[in-house]
Amino acid sequence: MARWSMYTCGALSLLLLIVSVVLLVAHTFMDTVERQVKKATVLKNGTEVFDSWVNPPPPIYMQFYFFNVTNPLEVLNGEKPEVDEIGPYTYREYRPKEDIDFLENGTEVSAVNPKTYVFEPDKSVGDPEEDLIRTINIPIVTLMEISKNNKYFKYIRPILEAVLKTYNEGVFLTRPVHELLWGYKDPVLSLVHAVVPSISEMFGLFYKMNTTNDGTYVFLSGSEAYLDFSRIVKWQGKRNLSWWTSDSCNMINGTDGTSFHPLIDKDDILYVFSSDLCRSIFAVYEASDNVKGIPVYRFTPPAKVFANITINPGNAGFCVPEGNCLPSGLLNVSMCKEGAPIILSQPHFYQAEKSIISSIVGIHPKKEYHETFMDINPLTGMLIRGAKRMQVNVYIKPIPEYE
């Protein structure tokens, strides 16, 4: 028994020694890998990292869904809106960076990011040229709102009233999907345009956004610190936004969401700047997964991002005009949408207050369908899979000046 114990202890000691050596080698190997990753993850012309940043290899699809209003007359009489979701109408999105210029001895890189959309019929439910949607008449609602609040535009009120009666226009309109997305010549806008040339006679949710860019970005190359890789420091010539009422809310934080610094940790808070949202948001670790054998960390924006100030006081700067705070889950972006009464949210008011969700019949928020997420390889910081999900809402209220 004593001899067996001695052999056992000897074998155990040898095993522990082997394990220690393996762990030491593994640790040394990982340190070497991490050093090489940090060194390689720099925006430098002629490298794979740079090529992937300029033209991300995974295909990108933009899918549009519409809420078709089924009871417009009842809505005008004060009843709840009832909607049917129609979609998707899918477009392949191409977004290579162009006009690339290296600045400050290679520590910064400027570029524009034009986006081109090509319709994908096989991934869509119908023909956008023919399928009709009854929805909010955004041009009319916007004109009424502007003329009510703006001293200069109040002079178009008589013209607008006459046009509304002549063309029998109202709060709702019915248009093909293609026109609602990419633009159409609106008869009311055309007449107002003749009096106020600054108001375009065209309207579309994505009007002038196909084959165009949203301005010049300046990114950090990561050459001085790997944590700064592809971080945005300037957009449209400015280092801060001006729409919001606090310095923190006006900050341009994070990357464009297609790449992040290498060596992502589960405790990291990842920031993304989105010109669509007119602000920066952040995401936190949610779960680990594999995408075609590639390990990823899933990061998602927590409910705190769009929470009311009673839950997140830091969001007070997003209350515009100052002090005019909306319920959780909603973001008023009218200040950056030329005065249009646009309220952004997640689809089906996911993570919004229950009173908002219950205010419309046909709204059914589900995490798996309506959550924004990013699946990121933690070693390289590259986005492997993701979904940016957003809903455009129009705020409507009675305006006594208009019948």
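This one's a predicted model, so the numbers in the text were calculated from it and none came from an experiment.

*Asks:* Requested: an account of the state of the cysteines, with residues and values cited.
*Replies:* Put plainly, a disulfide is one covalent bond tying together the sulfur atoms of two cysteines. Taken as a whole and assessed by the stated rule, the structure comprises 2 disulfides. Here Cys278 pairs with Cys336 through a disulfide, and the sulfurs are 2.0 Å apart. Residues Cys278 and Cys336 are joined by a disulfide whose S-S torsion is about 85 degrees; by sign, that bridge is right-handed. One end of the pair, Cys278, is in the loop between strand E12 (269-274) and strand E13 (279-291); the other, Cys336, is in the loop between strand E15 (331-332) and strand E16 (342-345), and 58 residues separate them in sequence. For Cys278, a relative accessible area of 1% puts it in the buried group. With a relative accessible area of 16%, Cys336 lands in the buried category.

*Asks:* Quick one: what's the story with a nonpolar patch on the surface, residue by residue and with numbers?
*Replies:* Together, Leu205, Met390 and Val392 make up a nonpolar patch on the protein surface, roughly 220 Å² of accessible area in all. Here Leu205 lies in the loop between strand E9 (202-203) and strand E10 (217-220).

*Asks:* Tell me about a negative patch on the surface, and please be specific about residues and values.
*Replies:* Together, Glu74, Glu79, Glu82 and Asp84 give the surface a local cluster of negative charge. Of note, Asp84 is situated in strand E2 (residues 83-94). The partly exposed category is assigned to Asp84, whose relative accessible area is 44%.

*Asks:* Outline empty space enclosed by the protein, listing residues and values.
*Replies:* All told, the structure shown has 1 cavity of 30 Å³ or more when counted by the stated rule. Considered as a void within the structure, the largest cavity measures approximately 160 Å³ in volume. As for the largest cavity, its lining consists of 18 residues, of which Ala307, Asn315, Phe318, Leu326 and Leu330 are closest to the centre.

*Asks:* Account for the packing of aromatic side chains, naming residues and giving values.
*Replies:* For the structure on display, the rule yields 22 aromatic pairs. Relative to Trp182, the ring of Tyr91 lies with its centre 5.4 Å away and its plane at 75 degrees, an arrangement referred to as edge-to-face. One end of the pair, Tyr91, is in strand E2; the other, Trp182, is in helix H6 (residues 177-182), with 91 residues separating them in the sequence. For the residue pair Tyr91 and Trp182, the accessibility class agrees, reading buried in each case. Summarising the aromatic geometry, the rings of Tyr117 and Phe206 are spaced 6.0 Å apart at their centres and angled 85 degrees between planes, so their arrangement reads as edge-to-face. With a gap of 89 residues between them, Tyr117 in strand E5 (residues 116-119) and Phe206 in the loop between E9 and E10 connect regions that are remote in the sequence. Connected via pairs of aromatic rings, a cluster forms that spans Phe50, Trp53, Phe102, Tyr217, Phe219, Trp235, Trp243 and Phe273. Across the ring face of Tyr61, the terminal group of Lys123 is positioned such that the distance to the ring centre comes to 5.1 Å. Sitting over the face of the ring of Phe373, Arg298 holds its NZ or CZ atom 3.8 Å from the ring centroid.

*Asks:* I'd like a description of helix H7 (residues 187-195), backed by residues and values.
*Replies:* Of the residues making up H7, those classed as buried are Val188, Leu189, Ser190 and Val192. You can read the cap of H7 off the contacts: a side-chain oxygen lies 3.0 Å from the backbone nitrogen of Val188, and it is on Asp186.

*Asks:* Would you mind going over the sheet that holds strand E19 (residues 391-394) in detail, with residue names and values included?
*Replies:* Spatially, E15-E16-E19 is the arrangement adopted by the 3 strands of the open sheet, whose pairing is antiparallel. Both outer strands of the open sheet, E15 and E19, are each paired with one neighbouring strand and no more. Across 4 bridges, the pairing between E16 and E19 is antiparallel. Within E19, the residue paired with Ile343 across the bridge is Asn393.

*Asks:* Quick one: what's the story with unusual backbone geometry, residue by residue and with numbers?
*Replies:* Look at the link from Gly87 to Pro88: it is a cis peptide, with omega at 10 degrees. If you trace the backbone, Pro88 turns up in strand E2. The peptide bond linking Val320 to Pro321 adopts the cis configuration, its omega dihedral lying at -10 degrees. Assignment of secondary structure puts Pro321 in the loop between strand E14 (294-300) and E15.

*Asks:* Hey, could you go over the side chain of Ser280 for me, with residue numbers and the actual values?
*Replies:* Its location among the elements puts Ser280 in strand E13. Given a relative accessible area of 10%, Ser280 falls into the buried group. A polar side-chain atom of Ser280 sits 3.3 Å from the main-chain carbonyl oxygen of Met251. Within the structure, Ser280 has its side chain in polar contact with the backbone nitrogen of Asn253 (distance 2.9 Å). The residues contacting Ser280, other than those within four sequence positions of it, are Met251, Ile252, Asn253, Val272 and Phe273.

*Asks:* So what's going on with the layout of surface pockets? Residues and values would help.
*Replies:* Put simply, the second largest pocket is a space of about 300 Å³. Lining of the second largest pocket is provided by 15 residues; of these, Ser248, Tyr271, Arg279, Ser280 and Phe282 occupy positions nearest its centre. Per-element accounting of the lining of the second largest pocket gives the leading share, 4 residues, to E13. Taken together, the residues of the lining of the second largest pocket sort by class into 7 nonpolar, 6 polar and 2 charged.

Conventions used here
Residues numbered from 1 in each chain as written. Predicted model: local features only at pLDDT ≥ 70, side-chain atom pairs only at ≥ 80, totals over all residues. Heavy atoms only, no water. Disulfide = S-S within 2.5 Å. Helix = DSSP H or I, 4+ residues; strand = E, 2+ residues; numbered from the N terminus. Buried < 20%, exposed > 50% of the residue type's maximum accessible area, 1.4 Å probe, protein only. Patch = residues over 30% accessible without salt bridge, like charges linked within 9 Å, V, L, I, M, F, W, Y side chains within 5 Å. Areas by Shrake-Rupley, 256 points an atom, 1.4 Å probe, with all protein chains shown as cover. Salt bridge = Lys/Arg side-chain N within 4 Å of Asp/Glu carboxyl O. Lys, Arg positive; Asp, Glu negative; His and termini not counted. Charge placed at Lys NZ, Arg CZ, Asp CG, Glu CD. 1 Å grid on protein atoms, 1.4 Å probe; cavity = no way out; pocket = protein on both sides within 12 Å on 5 of 7 lines; lining within 4 Å. Points joined across faces, edges and corners; volume = space filled by probe spheres on them. Phe/Tyr/Trp six-rings, centres within 6.5 Å; stacked < 30°, edge-to-face > 60°. Lys NZ or Arg CZ within 6 Å of the ring centre and 35° of its normal. Polar contact = N/O pair within 3.5 Å; in protein donor to acceptor, adjacent residues only side chain to side chain. Pairing = 2+ DSSP bridges. Contact = heavy atoms within 4.5 Å. Nonpolar A, V, L, I, M, F, W, Y, C, P; charged D, E, K, R; others polar.

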